[in-house]
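Residue-level listing of the chains:
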Amino acid sequence: MRNIFLSALVVGALFSSVASAEDTSGSPGSYDVKFDEMGHNCNPPPVALGRSKLNISLKKTSITVNIETIPEMAGVTQKGGKINAKTVKGAVPTTVQGLDAKYSIAGKIDDAGIVQLVLVAEYIKHDDKKAYCTQSWNVTGLRGTPEKK
């Protein structure tokens, strides 16, 4: 009986160490990123993004992504550093008068702290709630230096 118990402890420890080694879900932290516009069907494009901070937070099985001029996006944690999040409330007001938007972001953060994501904004006219256009960016960058407390 004692050997079975010890064997169960060893197997349990092995499985938990393998699971924690695989679970690099989301890689929380702050990233210095740049935005390269991939495309749009807007005339003219409503937003121009350059460089910014991207912050990722984890809480149990949920992930939140914050970019300075874009509303918070949320999703569920995934293994392997994969990110997939969107605005929770659907269309939200933007910095462009008369336009609301739904935002989504997806991609990956590798073990070296390099982020490679795609950000998509689906713009909707505020007054009649009809689709206006879509704009997308490649988001790339590195994990920022940790802040000193």
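Above this text is the structure in question.
Residues numbered from 1 in each chain as written. Predicted model: local features only at pLDDT ≥ 70, side-chain atom pairs only at ≥ 80, totals over all residues. Heavy atoms only, no water.

Student: An account of the pattern of salt bridges is needed here, citing residue identities and associated values.
Tutor: According to the stated counting rule, one finds three salt bridges in the structure shown. Where Asp100 meets Lys129, a salt bridge forms, and the shortest distance between an N and an O atom there is 3.8 Å. Taken together, the residues Asp100 in strand β7 (residues 99–109) and Lys129 in the loop between β8 (114–125) and β9 (131–143) connect sequence positions 29 residues apart. (Salt bridge = Lys/Arg side-chain N within 4 Å of Asp/Glu carboxyl O. Helix = DSSP H or I, 4+ residues; strand = E, 2+ residues; numbered from the N terminus.)

Student: An account of the pairing of β7 is requested, with residue identities and associated values reported.
Tutor: One ladder, built from five bridges, connects strand β5 (residues 82–87) with β7; its direction is antiparallel. Within β7, the residue paired with Lys82 across the bridge is Lys108. Note: strand β6 (residues 92–93) against β7, two bridges, orientation antiparallel. Looking at the pairing, Pro93 lines up with Asp100 of β7. Between β6 and β7, which pair antiparallel and follow one another directly, the connecting turn spans five residues, one of which, Gly98, has a positive phi of 90°. (Pairing = 2+ DSSP bridges.)

Student: I'd love a proper account of the environment of Val47, names of residues and values included.
Tutor: The topology assignment puts Val47 in the loop between β1 (29–40) and β2 (51–59). Separated by 48 residues in the primary sequence, Val47 and Thr95 have C-alpha atoms spaced 8.4 Å apart. Other than its neighbours up to four places away in sequence, Val47 contacts Val96, Tyr123, Gln135 and Trp137. (Contact = heavy atoms within 4.5 Å.)

Student: Can you explain the pairing of β9? Please cite residues and give values.
Tutor: Bridge count between β1 and β9: nine bridges; the pairing is antiparallel. In the sheet register, Phe35 faces β9, and the bridge partner there is Val139. Relative to β9, β8 runs antiparallel, the two sharing eleven bridges. Across the sheet, the residue bridging to Ala121 is Gln135, located in β9. The antiparallel pairing of β8 with β9 creates a hairpin that spans five residues between the two strands, and Lys129 there sits at a positive phi of about 60°.

Remember, this is a structural readout, not a statement about activity or role.
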